[in-house]
Amino acid sequence: MVDYHAANQSYQYGPSSGSNGAGGGGSVGDYMAQEDDWDRDLLLDPAWEKQQRKTFTAWCNSHLRKAGTQIENIDEDFRDGLKLMLLLEVISGERLPKPERGKMRVHKINNVNKALDFIASKGVKLVSIGAEEIVDGNAKMTLGMIWTIILRFAIQDISVEETSAKEGLLLWCQRKTAPYKNVNVQNFHISWKDGLAFNALIHRHRPELIEYDKLRKDDPVTNLNNAFEVAEKYLDIPKMLDAEDIVNTARPDEKAIMTYVSSFYHAFSGAQKAETAANRICKVLAVNQENEHLMEDYERLASDLLEWIRRTIPWLEDRVPQKTIQEMQQKLEDFRDYRRVHKPPKVQEKCQLEINFNTLQTKLRLSNRPAFMPSEGRMVSDINNGWQHLEQAEKGYEEWLLNEIRRLERLDHLAEKFRQKASIHEAWTDGKEVMLKHRDYETATLSDIKALIRKHEAFESDLAAHQDRVEQIAAIAQELNELDYYDSHNVNTRCQKICDQWDALGSLTHSRREALEKTEKQLETIDQLHLEYAKRAAPFNNWMESAMEDLQDMFIVHTIEEIEGLISAHDQFKSTLPDADREREAILAIHKEAQRIAESNHIKLSGSNPYTSVTPQIINSKWEKVQQLVPKRDHALLEEQRKQQSNEHLRRQFASQANIVGPWIQTKMEEIGRISIEMNGTLEDQLSHLKQYERSIVDYKPNLDLLEQQHQLIQEALIFDNKHTNYTMEHIRVGWEQLLTTIARTINEVENQILTRDAKGISQEQMQEFRASFNHFDKDHGGALGPEEFKACLISLGYDVENDRQKQTGSMDSDDFRALLISTGYSLGDAEFNRIMSVVDPNHSGLVTFQAFIDFMSRETTDTDTADQVIASFKVLAGDKNFITAEELRRELPPDQAEYCIARMAPYQGPDAVPGALDYKSFSTALYGESDL
């Protein structure tokens, strides 16, 4: 064994550099440097030396008896170093190097050196104490060494309100004895001479052991003996002093009293640990039960919302058109009911579900639990994806419905127009084939033949005039086919019949003309007057038929400009009526002139005009019909004009309200963005302000309802566009939903910040400083920081990422500290910063939200329960066993939480298992995830 200490080498007493066992930051060294260092001259006082020998011997034996041995003479029994090493192993719970068993002086020195090395490894340096002095039985050095051991292992860890070991022990005594009369603990010597302070400590923790009211201040020996005997009998504290030694000394030895009192502290601290452990477990279990209820509520709400979305999307994606306008309008009404009645509650449910999820995650983070992972298919992202699918299906559905209604209106109009034109054409062609097939020219006179020729020419002119109508009929039929008209089969059949008949008429006309021209050579003159009549009457007749057709034609308009265009065209038509009347009179005059010439020349006419079938009676009849249709057309156009004026009023009325509501929503969205960034005042003030703001938004809802009513009137009037505003009802609804969602999320963020602040003990000034720093570096006011902005924000708060702790800068304020960091070229370690970014940005989005920033700062500045703490608490309740029984849980915990643990703890499988043993380690690990034990 190498001797690490030369004969004249001594230890210096103070905290070791790099020691991992210094505990309370060098409190032993501080105490020895600042308080009464054991004075070797004072040890020459026989009374004090006697007290220290007796107290230190009893203290050492209280620990050595655990190993089945003890000492009789403190000077002699530690000389070989064997019992000294054994004492250190018992009080530290650690193994020392194997001792040397030889009887030679060098063996004893080596053993003592091993003990002194172990003491030094715990952050203590012994002042002028060498192994040779202990081996030589130096009483002063031996007592000094034992006092150093007592300080390190019995007193150093005592801390009350962050005080030093001696001050903490004194403060503990003062608090425990404060209610007792005649007790005033101010030190560790005179205050304990009457024995009342010892009795008060016992009575405070075990009142059944001491009858304190019967003790007298003037009988200190009785008082001291009573306390020492009760402590030895019931508290397993050995008697370290005799009453007479204390009473008969003017100033009892402070170290002896401190050693004795520290035994009382450790004896009573176990009960407090058990109570603290039980309270910690109750708190942890209560939080876990509440979180489980929140998880179950989330799963239920998410399932209901996803099921509703699953049922609704197929309905919105159904694009099968109906055959009639009434059926499509019913589908449109069903869609409006969905938008007004069914969807708004689901929007609220979705928003509330997100708020509940965020609140649950915040509570889990605050209680140091793993994040909640919903079951497969019920994640917030799944709900958002389903909702986006729903919105996408909904987006095109209303447009499709309106387009289908327009298409059906167009189809009905075209079908009616087809039927009118087809009926007029069929009426005109009625009998034409028979006429063209008639062979009357074979028996006719020359004049009759010529008349037939002229009549046939007039017919050809009429036939050419009807060519446009036939082409229009075919074009309308083609358009009906392209628009998928439901009765296209009958339309096509009728159109084909008309076309086939038209081809037959053309062929027959050509054949009759050839026959007439063949016999024309044998015919002489024809009455030119009748011919002129026929030529002028036929176009005029066609004009009247076209005019009647136009006057009876249906029309569909959507704007006031369109109806005014039709009225202007109708007025222009009416302006041509005087010229048409003059033409009618001229045609009738031709007919009258022919009658006059025939009568004057006694010519017997064979009947009607041989060149045309249009008689004056027909012309007059059709002219009267035109005269009747004109006022009807006037009335129809005026009615439509009034309707379009009413529609224009509805457009302007909706636009006026929409141009107010739309900007209002946009302004409120911007104001909420500013409020979420500025956040003036306390969090409670901010929350109150936001809720007042939310109420003002809800109070604005009647304006939106009024706009919905006006939009309903527009929809019922089938108004499809509005040039007076850029806002549609869809835009207003989406903006309103976003406004409600944004204010709810902002309120939820402040509520979560309050939860974080209250749970972590963060002061209002800290929260304001965090918010001010965050806003200072959030240059674009987007509510999130990039990596470099976040790093600068941490530095501005004095956070040293390389050492994973906050730098202390004395009295410098934050501005001075930032200036110092910049001037000294301070930088953050990349590895540590990447670790922090993985905590605050687990999704690697490259952005750090304010909530993630607050969570990180609260974790770094406050303490939270951990799995190891819960395991340690269970171990206390289990009496230091690796398992716990149901009886122990029911004895230490409230009934409901005890049964909660029993139901969830697995049976213990270790080698020391007993019947009914439960594994509290796996249970605690399940609460927090993997333990680091």
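Residues numbered from 1 in each chain as written. Predicted model: local features only at pLDDT ≥ 70, side-chain atom pairs only at ≥ 80, totals over all residues. Heavy atoms only, no water.

- If you look the protein up in an unreviewed UniProt entry, it shows as Actinin alpha 4 from Phocoena sinus.
- Note on the protein: under the UniProt heading Sequence similarities (unreviewed entry), the record states "Belongs to the alpha-actinin family." (UniProt positions renumbered as here; feature names shortened; annotations may be inferred.)

**Let's talk about the side chain of Asp 245**
Here comes step 1: Residue placement: Asp 245 occurs in helix H10 (residues 243–247).
Here comes step 2: Beyond its immediate chain neighbours, meaning those up to four positions away, Asp 245 contacts Lys 50, Gln 51 and Lys 54. (Helix = DSSP H or I, 4+ residues; strand = E, 2+ residues; numbered from the N terminus. Contact = heavy atoms within 4.5 Å.)

**Quick notes on the nonpolar core**
Here comes step 1: The biggest cluster of nonpolar side chains holds 76 residues, and the ones touching the most others in it are Ile 149, Trp 192, Phe 198, Ile 202 and Phe 264.
Here comes step 2: The biggest single contributor to this core is helix H6 (residues 139–155), with 11 residues.
Here comes step 3: Filtering out sequence-adjacent residues up to four positions away, Ile 149 remains in contact with Trp 59, Leu 84, Leu 88, Ile 91, Ile 119 and Ala 154.
Here comes step 4: Core analysis: the second largest hydrophobic core is formed by 47 residues, Ala 658, Phe 770, Leu 797 and Val 840 among them. (Core = buried A, V, L, I, M, F, W, Y, C linked by side-chain atoms within 4.5 Å. Buried < 20%, exposed > 50% of the residue type's maximum accessible area, 1.4 Å probe, protein only.)

**What to know about helix H16 (residues 467–482)**
Here comes step 1: Compared with the 22 Å implied by 1.5 Å per residue over 16 residues, the 23 Å span of H16 between its first and last C-alpha is a close match.
Here comes step 2: Here H16 has its buried residues at Arg 469, Val 470, Ile 473, Ile 476, Ala 477 and Leu 480. On an axial view of H16, the arc spanned by its buried residues comes to 125°, and they lie on one face.
Here comes step 3: Backbone geometry just after H16 places Asp 484 at a positive phi near 60°. (Expected span 1.5 Å × (residues − 1). Arc of directions from axis to C-beta.)

**Brief notes about the pattern of salt bridges**
Note on pairing: side chains with opposite charge can pair once their charged atoms come close.
Here comes step 1: Across all of its chains, the model carries 51 salt bridges by this definition.
Here comes step 2: Put simply, Lys 217 and Asp 194 hold a salt bridge, and the shortest N to O gap is 2.6 Å. Separated by 23 residues along the polypeptide, Lys 217 in the loop between helix H8 (196–205) and helix H9 (220–234) and Asp 194 in the loop between helix H7 (165–177) and H8 bring together distant segments of the chain.
Here comes step 3: The partner of Glu 648 in a salt bridge is Arg 651, with the nearest N and O atoms 3.3 Å apart. Separated by 3 residues within a single helix, Glu 648 and Arg 651 lie in helix H21 (residues 616–678), roughly one turn from each other.
Here comes step 4: You can call Glu 648 buried: its relative accessible area is 12%.
Here comes step 5: A residue is classified by how much of its surface remains accessible, and Arg 651, at 4% relative accessible area, is buried. (Salt bridge = Lys/Arg side-chain N within 4 Å of Asp/Glu carboxyl O.)

**A look at the confidence of the model for the protein**
Here comes step 1: On average, residues of the protein score 79 in pLDDT, and 84% of them reach the 70 mark or higher.
Here comes step 2: When the criterion is pLDDT under 50, residues 522–526 qualifies, and its contacts beyond four places in sequence or with other chains add up to 15 contacts.
Here comes step 3: Contacts of residues 803–827 to residues separated by more than four positions or lying in other chains number 32 contacts, the stretch itself having pLDDT below 50. (pLDDT = per-residue confidence, 0-100.)

**A word on unusual backbone geometry**
Here comes step 1: Here Asp 236, not a glycine, exhibits a phi torsion of approximately 60°, which is positive.
Here comes step 2: Within the secondary structure, Asp 236 sits in the loop between H9 and H10.
Here comes step 3: With phi around 70°, Asp 880 is a residue other than glycine that occupies positive phi space.
Here comes step 4: Note that Asp 880 resides in the loop between helix H30 (867–877) and helix H31 (886–892).
Here comes step 5: According to the relative accessible area criterion, Asp 880 is exposed, its value standing at 59%.

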